[in-house]
Amino acid sequence: MEFERIIMGIDPGTNVMGYAMLGINGKKPTLIVMGVLKLNKFESHYKRLNRIYERVLSLVEQYLPDELAIEAPFFGKNVQSMLKLGRAQGVAMAAALSRDIPIAEYAPLSIKQSVTGNGNAGKEQVAEMVKRLLDIRPEQMSDFFDATDAVAAALTHFYESSKPEAFRKGSSSWASFLAAHPERIAKRRTK
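Scope of this entry: the structure provided in the associated data block. Because the structure is a prediction, the values reported are computed rather than measured.

Conventions adopted
- Residues numbered from 1 in each chain as written.
- Predicted model: local features only at pLDDT ≥ 70, side-chain atom pairs only at ≥ 80, totals over all residues.
- Heavy atoms only, no water.
- Helix = DSSP H or I, 4+ residues; strand = E, 2+ residues; numbered from the N terminus.
- Expected span 1.5 Å × (residues − 1).
- Buried < 20%, exposed > 50% of the residue type's maximum accessible area, 1.4 Å probe, protein only.
- Contact = heavy atoms within 4.5 Å.
- Polar contact = N/O pair within 3.5 Å; in protein donor to acceptor, adjacent residues only side chain to side chain.
- Axes fitted to C-alpha atoms, helices over the stretch in contact; angles between N-to-C directions.
- Parallel < 35°, antiparallel > 145°, perpendicular 65-115°, else oblique.
- Left-handed = near helix turned anticlockwise from the far one by under 90°.
- Nonpolar A, V, L, I, M, F, W, Y, C, P; charged D, E, K, R; others polar.
- Phe/Tyr/Trp six-rings, centres within 6.5 Å; stacked < 30°, edge-to-face > 60°.
- Arc of directions from axis to C-beta.
- Pairing = 2+ DSSP bridges.
- Salt bridge = Lys/Arg side-chain N within 4 Å of Asp/Glu carboxyl O.

Some thoughts on helix 2 (residues 79-97)
Here helix 2 spans 26 Å end to end across 19 residues, near enough to the 27 Å set by a 1.5 Å rise per residue. Three or more residues of helix 2 are buried, namely Met82, Leu85, Ala88, Gln89, Val91, Ala92, Met93, Ala95 and Ala96. Contact partners of the buried residues in helix 2: strand 1 (5-11), helix 1 (45-63), strand 4 (67-71) and strand 5 (103-106). Its side-chain oxygen placed 3.0 Å from the backbone nitrogen of Gln80, Asn78 serves as the N-cap of helix 2.

Put into structure tokens, the structure is as follows:
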């Protein structure tokens, strides 16, 4: 099947990395693939980083995504875990950048909010909504939440990039919209 564009989603991790590809035609996203890269067989953190780079690059070459949506590391108390997760994310981003793929980064809370409507949703809820939104058959679902989190990152990017410019994250929202469209401002009636 041909797609207008393909969004790659990644849920970075140093033990398990989730990945997904969404094909987009018009306003309809379709799941192409989702899966995980299991890294616990590599004892060295550096070998894990190398494997992430190689696998992301092979996925990019296989599916030719137009964009990458990646989950940003969350802030935790364990500094070492944060550092390792940040490295995993950076290596995945470097692989995409080596093929000139634009990157969008989303906080976990934003992804949960975008997919479920609740920024505090659990991984089970995210997986269930991904399944419903993309009409994924039970046998196609992954046993790993890392994979469905990667799909959710790609879906979030699809939703964000489908919004009119004035409503996208990072714009000054209503102020920029109204400045660009003064004809939309309702005049007050006076008696």
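With respect to the side chain of Arg5
Checked against the element boundaries, Arg5 lands in strand 1. The class for Arg5 is buried, based on a relative accessible area of 18%. A polar contact of 2.9 Å, which involves the side chain of Arg5, links it to the side chain of Ser161. Contact partners of Arg5, with chain neighbours within four places excluded, come to Leu22, Gly23, Ile24, Asp66, Glu67, His157, Phe158, Ser161 and Ser162.

So, the packing of helix 1 against helix 2
For the pair helix 1 and helix 2, interaxial distance at closest approach is 8 Å and the crossing angle is 30°. The pairing of helix 1 with helix 2 is recorded here as roughly parallel in orientation. Between helix 1 and helix 2 lies a crossing of right-handed hand. Along the contact surface, helix 1 presents His45, Tyr46, Leu49, Ile52, Tyr53, Val56 and Leu57, while helix 2 presents Lys84, Arg87, Ala88, Val91, Ala92, Ala94, Ala95 and Ala96. Looking at the contact of helix 1 with helix 2, its residues break down into 12 nonpolar, 1 polar and 2 charged.

Here we look at unusual backbone geometry
For Leu64, which is not glycine, the phi dihedral falls at a positive 50°. Positionally, Leu64 belongs in the loop between helix 1 and strand 4. In this structure, Asp135 is a non-glycine residue whose phi angle is positive, near 55°. Asp135 gets classed as exposed once you look at its relative accessible area, which sits at 65%.

Things to note about the packing of aromatic side chains
For the structure on display, the rule yields 1 aromatic pair. Between the aromatic rings of Phe158 and Tyr159, the centroid separation amounts to 5.7 Å while the plane-to-plane angle is 50°, which identifies the pairing as tilted.

What about helix 4 (residues 123-133)?
Buried within helix 4 we find Val126, Ala127 and Val130. Down the axis of helix 4, the sector holding all buried residues measures 100°, keeping them to one side. Relative to its buried face, helix 4 has exposed residues pointing more than 90 degrees away, namely Glu124 and Arg132. Looking at the buried side of helix 4, the elements it contacts are helix 3 (108-116) and helix 5 (145-162).

So, the sheet that holds strand 4
The 5 strands are arranged 3-2-1-4-5 in an open sheet whose pairing can be described as mixed. Bordering the open sheet on either side are strand 3 (28-38) and strand 5, each of which pairs with just one other strand. Shown here is a sheet whose adjacent strand axes are inclined to one another by a mean of 20°, direction ignored. Taken together, the 7 bridges between strand 1 and strand 2 (residues 16-25) define a ladder with antiparallel strand orientation. Residue Ile6 lies in a different strand from strand 2, and its bridge partner there is Gly23. Relative to strand 4, helix 2 is tilted by about 175°, and along the sheet it contacts strand 1, strand 4 and strand 5.

So, the pattern of salt bridges
On inspection of all chains with the given rule, the structure shows 6 salt bridges. Here Glu54 and Arg51 are joined by a salt bridge, their closest N and O atoms 3.8 Å apart. Of this pair, Glu54 and Arg51 both sit in helix 1, 3 residues apart, which is roughly one turn of the helix. On the accessibility criterion, Arg51 (26% relative accessible area) is partly exposed. Of the charged contacts in the structure, one is a salt bridge between Arg132 and Glu128, with a shortest N-O distance of 3.3 Å.

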